[in-house]
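Coordinates in review
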Amino acid sequence: MGSMRVGTDGRRAQPPGRRWRTLALRLALVLLVGFAGILTVAFVDANLRFAFLPDGSPARIYSAPFTLTPGLAIERADLEERLARLGYRKGKGHPATPGEFTRRLRGYDINLNAFDYPDGRFDATLVRLRISFGRVAGIENAATGQDLQAVRIEPEPLGLLSGDVNEDRIPVALEDLPKWLPEAVIAVEDRRFKHHFGVDPRAVLRAFFANVKRGEVVQGGSTITQQLAKNLYANVTERTWTRKIWETLAAFGIEAFRGKPEILERYLNQIYLAQRGPISIIGIGAASRHYFGKDARYLDLDESALLAGLIQSPGRYHPYRNPQAALERRNLVLRLMRDERFITDDAYREAAARPLGLRNEPPADVRQAPNFVEYVADELKRLGLREPGSHPRLRVFTTLDPLLQARATSILETSLRNFEQGYRQLRPLPGGELQGAIVSLRPSDGSVLAMVGGRNYQRSQFNRVTQAHRQPGSLFKPFVYLAGFYKSQDAGDSNFTPATVLDDSPLVMEVADQVWEPKNFDLEFRGPVTARHALAFSLNVPTIRAAEMIGLKQVIWMARRCGITSSLMAVPSLALGTFEVTPLEMASAYATIANLGTRTEPRVIDAVLDEGGTAVALPAPTSSKAASPQAAYLTVDLMRDVIRYGTGAGLHDYGVKGEIAGKTGTTDDGRDAWFVAFNPDLLVLSWVGFDNNRPLRLGGSALALPICGQFLARSGLDEGRSWEKPEGLVDEEVDPTTGLIAGWRCPESVDEIFIQGTQPTESCDHEGRGYDSWVSRFFNWFRRD
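Topic: the overall build of the protein
Within the protein, the secondary structure is distributed over 21 helices and 30 strands. Per-residue burial over the protein gives 52% buried out of 785 residues. Taking contacts inside the protein between residues at least 6 apart in sequence as the whole, the part at least 24 apart equals 68%. For the protein, the accessible surface area stands at approximately 36200 Å², while carbon and sulfur atoms represent 53% of it.

As structure tokens, this is what we get:
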């Protein structure tokens, strides 16, 4: 019997071989436990990161939709421009897919995109639009033949509110996408996606041989799951073997706890596909809008293949900069789809023969109306959304008309540049260049249709529409006359009417212990003039006398009711607009006159929806009674004379037709030039000046009027629109030299409008001129318009 070895402590000693096996097992167990721990940590970490991957789009700002109704005045060029801005493609045949249109002899066939409006979803619909003599003659559903009372063309994206994250995302659900889109991605990025467990060794070898054979990188070895895992650790910049191993473990972890559809959907919403200025286009949804101007749900086979091909290198295959490379890449994806039997040979040939079909390249500046978008952000804060960018997937529907906005931007920049070239005193000097602003409103509800706060947003972000406080000058005068008409109506007397004779002669006043001698802009005096004539030619001295007659406090009261909120002082120079206001403030006040005495607050937001489509805010138009319809109508009628033959007569030179009222504005020191023009449907106001108050030495008719004239000429204004004459107004023949009823001795007479109860009751009496007056009136009768 062999002897047993005993250790010094009395225990049996193990044989050397068995001892090493025990140590090896213990080490293996430690390593196994450690690996299991690392794997568990990797799995948990990956799935937590997966769950919190950003999948929400930033707050998105939209313009107003363009609503087509029977009878709407419309130019074909304007309609096509609106469609082109949204990425609609003009074709020659039947518009088979959403986002296409065809011009016909008597109208258009338009395949409208689907869109989720605040009041419900609108599905893609083919409509037939009939146009006759510049108006919409009828609208029908082309599929059913049903007549439609209205149809909307979807709003245009204006910009994003994304806080510090410069990304554009539109989340998509896998089940909503056309089947060939995920198939195209699988064919080119991971053809064994449905069969592997996160890592595919066969794909690595296959990609290696395929790339060598073609002489270019046509396939990658990483699986879709691995690519998604890389996004989980995008904040780690070092490319090390440790990170590679960790990403591989993460891919296994994702596959272990997530289904293939969920992985693919998340991948499609995470891939980088384009760059638009400072904004990264992330995901299929945003890329579909960027490249094709359509919802990803309606992507065609060739479009899906193009997007799938861009995943590997959006810069290399940039379809706008490298269209040939993009076309070849797209066709390669189609070939791979055919090889994988996702599509037939016929489908491959048909799709490969199509052009890229891109929309016009979107501008680098994603904000189409930067001043407006910033103002919308401020309004959202006032609604309780203090940081709109921190509320993902908010959709903000605004009042802006993108076509009017684009034209206002172009007109302002071009006009200011021409002014600098045409007038030596307006050329840029150290301290600033010539600046301007345009704002357009819809008087009936206060909707802001266009807002341009300066000539170049990149050089100056100061919004002169809402932030610049400038003297309105003569632009304030209509509120003096409105106050007078309203006061006389209220009192039932004839103290102030359009026929009231005002004295246009030298005036000397003592104001604040100083002598003030106001003069007219042309430094001439005309003697007795009617209130109508004084406003039409923007005479200073008669307007000051009118304000004194009416009462300065009454004038301030009326200005406040109309919407002027800035500080006003009851001093004689008030009538000449020597206080400071913003252009938006003045536009809002004028909208009250255009709306025949009903004040509407300026509004820029129609609705704010959350990610589920629930309304977060629905700001409704607010209105209040500021003046009587009769007093406002008289003011409008006087302002129509400004355009007919007064200081605004130059508006006709720009082809503006129809019933338009307006007013020029020039400050006494020549530092500000203004013009406002409107009809019942549209109001536009422009301002020109220097930020440093440098003198212009030109008036509103020379600088601001041309801007408004060009805008109105290109606005699609309905020339047939005018104001309905309210009840309570009467017509009388009056003597223009006295403002009294024209009697048989009066040498001439004019027709005038009065509020019932304010018309003159006495007749004029020109002694010794009976025969001459009858002869004069006889011939004047033939000369009347």
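So much for the structure itself; the text now carries on.
Let's talk about the pairing of strand β23 (residues 605–609)
In terms of residue burial, β23 counts as a mostly covered element, since 4 of its 5 residues are buried. Two strands pair when backbone bridges link them, and strand β15 (residues 395–398) and β23 are joined in this way by 4 bridges, in the antiparallel orientation. Bridging from a neighbouring strand, Thr398 pairs with Ile605 of β23. The antiparallel hairpin formed by β23 and strand β24 (residues 615–617) contains 5 residues in its connecting segment, where Gly613 sits at a positive phi of about 85°.

Remarks on the sheet that holds strand β5 (residues 107–112)
Strand pairing in a sheet relies on backbone hydrogen bonds. The paired strands run either parallel or antiparallel. Spatially, 5 strands are ordered β3-β4-β5-β8-β9 in an open sheet, and the strand pairing comes out mixed. What marks the edges here is a single partner per strand, and that holds for β3 (89–91) and β9 (135–141). If you compare each strand with its neighbour and ignore which way they point, the axes differ by 25° on average. Strand direction decides the pairing type here: β3 and strand β4 (residues 100–104), joined by 3 bridges, are parallel. Note that in β4 the partner of Gly91 across the bridge is Thr102.

What about the side chain of Glu140?
Positionally, Glu140 belongs in strand β9. On the basis of relative accessibility, which here comes to 18%, the residue Glu140 falls in the buried class. Beyond its immediate chain neighbours, meaning those up to four positions away, Glu140 contacts Leu126, Val127, Arg128, Arg130, Gly145, Gln146, Asp147 and Leu148.

Considerations on the pattern of salt bridges
Under the criterion given, the structure shown has 45 salt bridges. For Arg455, the salt bridge identified is with Glu413, shortest N-O distance 3.4 Å. Remark: Glu413 occurs in helix α13 (residues 402–422) and Arg455 occurs in the loop between β17 (447–452) and α14 (477–491); sequence separation between them is 42 residues. Exposure class is identical for Arg455 and Glu413. Each is buried. In this structure, Arg640 engages Glu659 in a salt bridge whose closest nitrogen and oxygen atoms are separated by 3.3 Å. You can see Arg640 sitting in helix α19 (residues 629–644) and its partner Glu659 sitting in the loop between α19 and β26 (661–666), a full 19 residues away along the chain. The exposure class of Arg640 is buried, given its relative accessible area of 5%. Looking at Glu659, the relative accessible area reads 29%, which means it is partly exposed. Because the salt bridges share partners, they merge into one network encompassing Arg532, Asp637, Arg640, Asp641, Arg644, Glu659 and Glu752.

Points about the nonpolar core
For soluble globular proteins, nonpolar side chains are generally found buried alongside one another. With 88 residues, the main nonpolar core has Tyr481, Ile564, Tyr590 and Phe678 as its most contacted residues. The leading source of residues in this core is helix α18 (residues 583–594), at 8 residues. Residue contacts for Phe678: discarding those within four places in its chain leaves Tyr590, Ile593, Ala594, Val636, Met639, Glu659, Ile660, Ala661, Leu683 and Trp723. Grouped together as the second largest cluster of nonpolar side chains are 45 residues, Val172, Leu264, Ala305 and Tyr348 included.

What about empty space enclosed by the protein?
Following the criterion strictly, the structure yields 2 cavities of 30 Å³ or more and no others. For the lining of the largest cavity, a count of residues per class yields 6 nonpolar, 1 polar and 4 charged.

Regarding helix α2 (residues 76–85)
Along α2, the residues classified as buried are Arg76, Asp78, Leu79, Glu80, Arg82 and Leu83. Downstream of α2 by one or two residues, Gly87 has phi in the positive range, about 90°.

Observations concerning the environment of Asp672
Summarising the element assignment, Asp672 is placed in strand β27 (residues 672–678). Considering only alpha carbons, one finds Asp672 and Pro472, 200 residues apart in sequence, at a separation of 7.4 Å. In terms of polar contacts, Asp672 uses its side chain to reach the side chain of Arg470, at 2.6 Å. A distance of 2.9 Å separates polar atoms of two side chains, one belonging to Asp672 and the other to Trp687.

Digging into helix α10 (residues 323–339)
The end-to-end C-alpha distance of α10 is 24 Å, a good match for the 24 Å that 17 residues give at a rise of 1.5 Å each. For α10, every residue scored as buried is listed here: Ala326, Arg329, Arg330, Asn331, Leu332, Val333, Leu334, Leu336 and Met337. Once α10 ends, the next one or two residues include Arg341, with phi positive near 65°.

Thoughts on the pairing of strand β13 (residues 272–276)
In the sheet, β13 pairs with strand β14 (residues 279–282) via 4 bridges, with the strands oriented antiparallel. Residue pairing for β14: Arg276 is matched across the bridge by Ile279. Adjacent in sequence and paired antiparallel, β13 and β14 are bridged by 2 residues, among which Gly277 carries a positive phi angle near 60°.

Overview of the packing of helix α9 (residues 301–310) against α10
The contact between α9 and α10 brings their axes to 8 Å, and the two run at 105°. Accordingly, the angle class assigned to the pair α9 and α10 is roughly perpendicular. On α10, the residues that touch Leu301, Asp302, Ala305, Leu306, Ala308 and Gly309 of α9 are Ala326, Arg329, Arg330, Val333, Leu334 and Met337. When its residues are assigned to classes, the contact of α9 with α10 shows 8 nonpolar, 1 polar and 3 charged.

Description of the confidence of the model for the protein
Looking at the protein, the pLDDT average stands at 85 and 82% of residues meet or exceed 70. Across the protein, α18 holds the top mean pLDDT of 98, while helix α21 (residues 770–783) sits lowest at 46. pLDDT under 50 marks residues 767–785. Its contacts with residues more than four places away, or in other chains, come to 24 contacts.

How each quantity is defined
Residues numbered from 1 in each chain as written. Predicted model: local features only at pLDDT ≥ 70, side-chain atom pairs only at ≥ 80, totals over all residues. Heavy atoms only, no water. Helix = DSSP H or I, 4+ residues; strand = E, 2+ residues; numbered from the N terminus. Buried < 20%, exposed > 50% of the residue type's maximum accessible area, 1.4 Å probe, protein only. Contact = heavy atoms within 4.5 Å. Areas by Shrake-Rupley, 256 points an atom, 1.4 Å probe, with all protein chains shown as cover. Pairing = 2+ DSSP bridges. Axes fitted to C-alpha atoms, helices over the stretch in contact; angles between N-to-C directions. Salt bridge = Lys/Arg side-chain N within 4 Å of Asp/Glu carboxyl O. Core = buried A, V, L, I, M, F, W, Y, C linked by side-chain atoms within 4.5 Å. 1 Å grid on protein atoms, 1.4 Å probe; cavity = no way out; pocket = protein on both sides within 12 Å on 5 of 7 lines; lining within 4 Å. Points joined across faces, edges and corners; volume = space filled by probe spheres on them. Nonpolar A, V, L, I, M, F, W, Y, C, P; charged D, E, K, R; others polar. Polar contact = N/O pair within 3.5 Å; in protein donor to acceptor, adjacent residues only side chain to side chain. Expected span 1.5 Å × (residues − 1). Parallel < 35°, antiparallel > 145°, perpendicular 65-115°, else oblique. pLDDT = per-residue confidence, 0-100.

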